[in-house]
Amino acid sequence: MHPTPRTPIAIMLLLGALLLAAPAAAQSSPTHGDHDRPARPSLDEPPGDSGNAPHAEGAQRLAFLLSGFEHVPDRRELDQVGSPAEVVGWLNALLQNPEERTVIRLRALDLLSLYAQEEARAPLAAIAAADHRADNHPLDASARTRAQARHRALTALARHDHPEAFAIWREALRSDDIQIRITAIGLLRRHAPERALPVLEQLAIEDTRPAVQRALNRPIGGTSNAPTRRIP
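Residues numbered from 1 in each chain as written. Predicted model: local features only at pLDDT ≥ 70, side-chain atom pairs only at ≥ 80, totals over all residues. Heavy atoms only, no water.

An unreviewed UniProt entry annotates the protein chain as HEAT repeat domain-containing protein of Lujinxingia vulgaris.

Peer 1: Break down the overall build of the protein chain for me, citing the residues and quoting the values.
Peer 2: Within the protein chain, the secondary structure is distributed over eleven helices and zero strands. Each helix and strand of the protein chain, ordered N terminal to C terminal, gives the series α-α-α-α-α-α-α-α-α-α-α. For the protein chain, the residues scored as buried account for 34% of the 232 residues in total. Considering only residue pairs separated by 6 or more positions, the protein chain has 58% of its internal contacts joining residues 24 or more positions apart. (Helix = DSSP H or I, 4+ residues; strand = E, 2+ residues; numbered from the N terminus. Buried < 20%, exposed > 50% of the residue type's maximum accessible area, 1.4 Å probe, protein only. Contact = heavy atoms within 4.5 Å.)

Peer 1: Account for the packing of aromatic side chains, naming residues and giving values.
Peer 2: The tally for this structure, following the rule as stated, stands at zero aromatic pairs. Cation over ring: Arg195 sits above Phe166, and NZ or CZ is 3.8 Å from the ring centre. (Phe/Tyr/Trp six-rings, centres within 6.5 Å; stacked < 30°, edge-to-face > 60°. Lys NZ or Arg CZ within 6 Å of the ring centre and 35° of its normal.)

Peer 1: Break down helix H4 (residues 84-96) for me, with residues and values.
Peer 2: For H4, which comprises 13 residues, the first-to-last C-alpha distance of 18 Å matches the rise-based estimate of 18 Å (1.5 Å per residue) to within 8%. Every buried residue of H4 is listed here: Val87, Val88, Trp90, Leu91, Asn92, Leu94 and Leu95. (Expected span 1.5 Å × (residues − 1).)

Peer 1: Describe the environment of Leu124, and please don't skip the residues or the numbers.
Peer 2: Mapping Leu124 onto the fold places it in helix H6 (residues 118-129). Take Leu124: its relative accessible area is 2%, and that puts it in the buried class. For the pair formed by Leu124 and Leu109, sequence separation is 15 residues and the distance between their alpha carbons is 7.1 Å. For Leu124, the contacting residues outside a window of four places in its chain are Leu109, Leu112, Ser113, Ala153, Ala156 and Leu157.

Peer 1: Please set out the pattern of salt bridges residue by residue, giving values where relevant.
Peer 2: The final tally for this structure, using the stated rule, is six salt bridges. Its salt-bridge partner being Asp131, residue Arg133 comes within 3.3 Å of it at the nearest N-O pair. Exposure remark for Arg133: the relative accessible area of 47% places this residue in the partly exposed category. Two residues, Asp207 and Arg181, come together in a salt bridge whose shortest N-O distance is 2.7 Å. Of this pair, Asp207 sits in the loop between helix H10 (193-206) and helix H11 (210-217) while Arg181 is found in helix H9 (residues 178-191), placing the two residues 26 residues apart along the sequence. (Salt bridge = Lys/Arg side-chain N within 4 Å of Asp/Glu carboxyl O.)

Peer 1: Give a detailed account of H11, specifying residues and quantitative values.
Peer 2: Listed in full, the buried residues belonging to H11 are Val212, Gln213, Ala215 and Leu216. Along the axis of H11, the buried positions cluster into a sector of 160°, meaning they face one direction only. Structural note: H11 exposes Pro210 and Arg214 on the side pointing more than 90 degrees away from its buried face. On its buried face, H11 is in contact with H9 and H10. (Arc of directions from axis to C-beta.)

Peer 1: Can you tell me about the nonpolar core, naming the residues and giving the values?
Peer 2: If you look at the biggest cluster of nonpolar residues, it comprises 50 residues, and the most contacted ones within it are Leu62, Leu66, Leu91, Leu154 and Ile185. Setting aside residues no more than four positions away along its own chain, Ile185 makes contact with Leu173, Leu200, Leu203, Val212, Ala215 and Leu216. (Core = buried A, V, L, I, M, F, W, Y, C linked by side-chain atoms within 4.5 Å.)

Peer 1: Can you tell me about the environment of Asp176, naming the residues and giving the values?
Peer 2: If you trace the backbone, Asp176 turns up in the loop between helix H8 (165-172) and H9. Owing to a relative accessible area of 65%, Asp176 belongs among the exposed residues under this scheme. Residues Asp176 and Asp131, 45 residues apart in the sequence, show an inter-C-alpha distance of 9.5 Å.

Structure representation (structure tokens):
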């Protein structure tokens, strides 16, 4: 039996249909193409949890405020960033981060003094009272940064009437570091002159170094504001 003239035409049509169906089958095959791409979420699906977004945004905004070349934010500006508890937590995180720039860490230390919460007062007291050369210092930083932090923490205790300020300043008078001793002298004379007078008079007898003697006798805010009883 010989094929009819229509047979080649039928074969060609069948081959053409198979060729057209091949790309569609390849695209739908689970073993070809971009099957390993993650599927896009449906527009009807609920968005992911973004509850931490405001918290992260506030922490970033605070870090930005502290990174200014000269400007240091005040309490009013800090209150616009977050609640007192939030800001104190962020300041402590910046202070304790050894990867953070020194200027940011020291500014965070200063700003903790604007808050009366124990979470703000405790690190100030710990750094102000610690020997910056000790291995167990509460701040993970270089000796130079620790020394700077101690000077600033001692001064920061004067803000918000820190309850341990006088005791820490008085103890700092015993420091082997003359600069720490001079810082403590200035703070005691300015903020607790009457209570500190017996201690400072004793120090004047024990430490005769010129720098210490000048600090003991330096007028506060000018000659007119000098103590009525000079320290010998």
